[in-house]
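Chain by chain, the residues:
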Amino acid sequence: MKQRLATVWLGGCSGCHMSLLDMDERLLDLSDRVDLVYGPLTDIKTFPENVDITLVEGAVDNVDNEEKIRLIRERTKILVSLGDCAITGNVPSMRNQFTNDDVLQKAYVEQATQDKGIPKENVPTLLTHVRPIHSVVKVDFFIQGCPPPADVIHFALTELLEGRRPELVTTRFGK
Ligand code: SF4
């Protein structure tokens, strides 16, 4: 029976998903073994139940993403932090040295070339600090890199699908 796979993009640049796609023709082999039940490449709005493996790119940076990762954790058997933003905060956490007011002022006023002004709606509220995923929910596996190479992602995913623990990642730290 095919396993149910999801991929998620939180506070990241999409580079980890680009690396995922760099598996090229190996994606066809994987498609024989998994059903992609959620991800940026699907048009499914709600994270589904009973997901076997979820790969999560990016850090937890706003209240919407914090709520989302908690729901994902509830509905996923094996949660994988994919890439350094998910594991350490990496690039998005560079804003942690500034206040949210400073960040919004810089982004929407000082650097804006038109329609200057901080939006009052349709933009999720920023957390005061960008956090790695394992500081919010328990993470089962970690795939390092910025981005992790496609070969590494393929190896780790194949091992997980086989029910093995890939040696390149550390298991279960965090809450
Ligand atoms: Fe982008 Fe690197 Fe972060 Fe992946 S780890 S989302 S490639 S900045």
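Residues numbered from 1 in each chain as written. Predicted model: local features only at pLDDT ≥ 70, side-chain atom pairs only at ≥ 80, totals over all residues. Heavy atoms only, no water.

### Looking at the side chain of Arg-73
Reasoning step 1: By the element assignment, Arg-73 lies in helix H3 (residues 63–75).
Reasoning step 2: When neighbours within four sequence positions are excluded, Arg-73 is seen to be in contact with Ile-78, Leu-79, Val-137, Lys-138, Val-139 and Asp-140. (Helix = DSSP H or I, 4+ residues; strand = E, 2+ residues; numbered from the N terminus. Contact = heavy atoms within 4.5 Å.)

### Observations concerning the pattern of salt bridges
Reasoning step 1: Scanning the entire structure with this criterion turns up 11 salt bridges.
Reasoning step 2: Between Glu-162 and Arg-33 there is a salt bridge, with its nearest N and O atoms 2.8 Å apart. Taken as a pair, Glu-162 in the segment after helix H6 (150–161) and Arg-33 in the loop between helix H2 (26–31) and strand E2 (34–38) lie far apart in primary sequence, 129 residues in all.
Reasoning step 3: The exposure class of Glu-162 is partly exposed, given its relative accessible area of 42%.
Reasoning step 4: Taking the relative accessible area as the measure of exposure, Arg-33 reaches 29% and is therefore partly exposed.
Reasoning step 5: Residue Asp-43 pairs with Lys-45 through a salt bridge whose shortest N-O separation is 2.8 Å. (Salt bridge = Lys/Arg side-chain N within 4 Å of Asp/Glu carboxyl O. Buried < 20%, exposed > 50% of the residue type's maximum accessible area, 1.4 Å probe, protein only.)

### Examining the sheet that holds strand E1 (residues 3–9)
Reasoning step 1: One open sheet holds the five strands; their spatial order is E2-E1-E3-E5-E7, and the pairing between them is parallel. Looking at the sheet topology across the chains shown, the edges are occupied by E2 and strand E7 (141–143). The average undirected angle you get between the axes of adjacent strands in this sheet is 25°.
Reasoning step 2: Relative to strand E3 (residues 51–57), E1 runs parallel, the two sharing five bridges. Residue pairing across strands places Ala-6 opposite Thr-54, the latter belonging to E3.
Reasoning step 3: Its contacts with the sheet place H3 against E1, E2, E3 and strand E5 (76–82), and it is angled at close to 135° to E5. (Pairing = 2+ DSSP bridges. Axes fitted to C-alpha atoms, helices over the stretch in contact; angles between N-to-C directions.)

### Quick word on the environment of Met-94
Reasoning step 1: In this fold, Met-94 is placed in the loop between helix H4 (84–88) and helix H5 (100–110).
Reasoning step 2: The sequence separation of Met-94 and Val-130 amounts to 36 residues, and the corresponding C-alpha distance is 8.4 Å.

### Here's the deal with a nonpolar patch on the surface
Reasoning step 1: Together, Met-18, Leu-21, Leu-36 and Leu-41 make up a nonpolar patch on the protein surface, roughly 380 Å² of accessible area in all.
Reasoning step 2: Looking at where Leu-21 falls in the secondary structure, it is placed in helix H1 (residues 15–21). (Patch = residues over 30% accessible without salt bridge, like charges linked within 9 Å, V, L, I, M, F, W, Y side chains within 5 Å. Areas by Shrake-Rupley, 256 points an atom, 1.4 Å probe, with all protein chains shown as cover.)

### Topic: the pairing of E3
Reasoning step 1: By the criterion of burial, E3 is predominantly enclosed, with seven of the seven residues buried.
Reasoning step 2: Both E3 and E5 contribute to a ladder of six bridges, which runs parallel. Following the sheet pairing, Val-51 is matched in E5 by Thr-76.

### Some points on the site of the ligand
Reasoning step 1: Around the ligand, a shell composed of Gly-12, Cys-13, Gly-15, Cys-16, Glu-57, Asp-84, Cys-85, Asn-90, Val-91, Gly-145, Cys-146 and Pro-147 is seen.
Reasoning step 2: Those elements that place two or more of their residues in the shell around the ligand are H1 and H4.
Reasoning step 3: Each residue belonging to the shell around the ligand can be placed in one class, and the counts come to six nonpolar, four polar and two charged. (Near = heavy atom within 4 Å. Nonpolar A, V, L, I, M, F, W, Y, C, P; charged D, E, K, R; others polar.)

### Considering unusual backbone geometry
Of all residues except glycine, most have a negative phi; of all peptide bonds, most are trans.
Reasoning step 1: Residue Pro-147 is reached from Cys-146 by a cis peptide bond, and omega for that bond is -5°.
Reasoning step 2: When you line up the elements, Pro-147 lands in the loop between E7 and H6.
Reasoning step 3: One non-glycine residue, Asp-24, lies in the positive phi region at around 50°.
Reasoning step 4: Summarising the element assignment, Asp-24 is placed in the loop between H1 and H2.
Reasoning step 5: Of note in the backbone geometry, Asn-90 takes a positive phi value of approximately 40° without being a glycine.
Reasoning step 6: Mapped onto the elements, Asn-90 comes out in the loop between H4 and H5.

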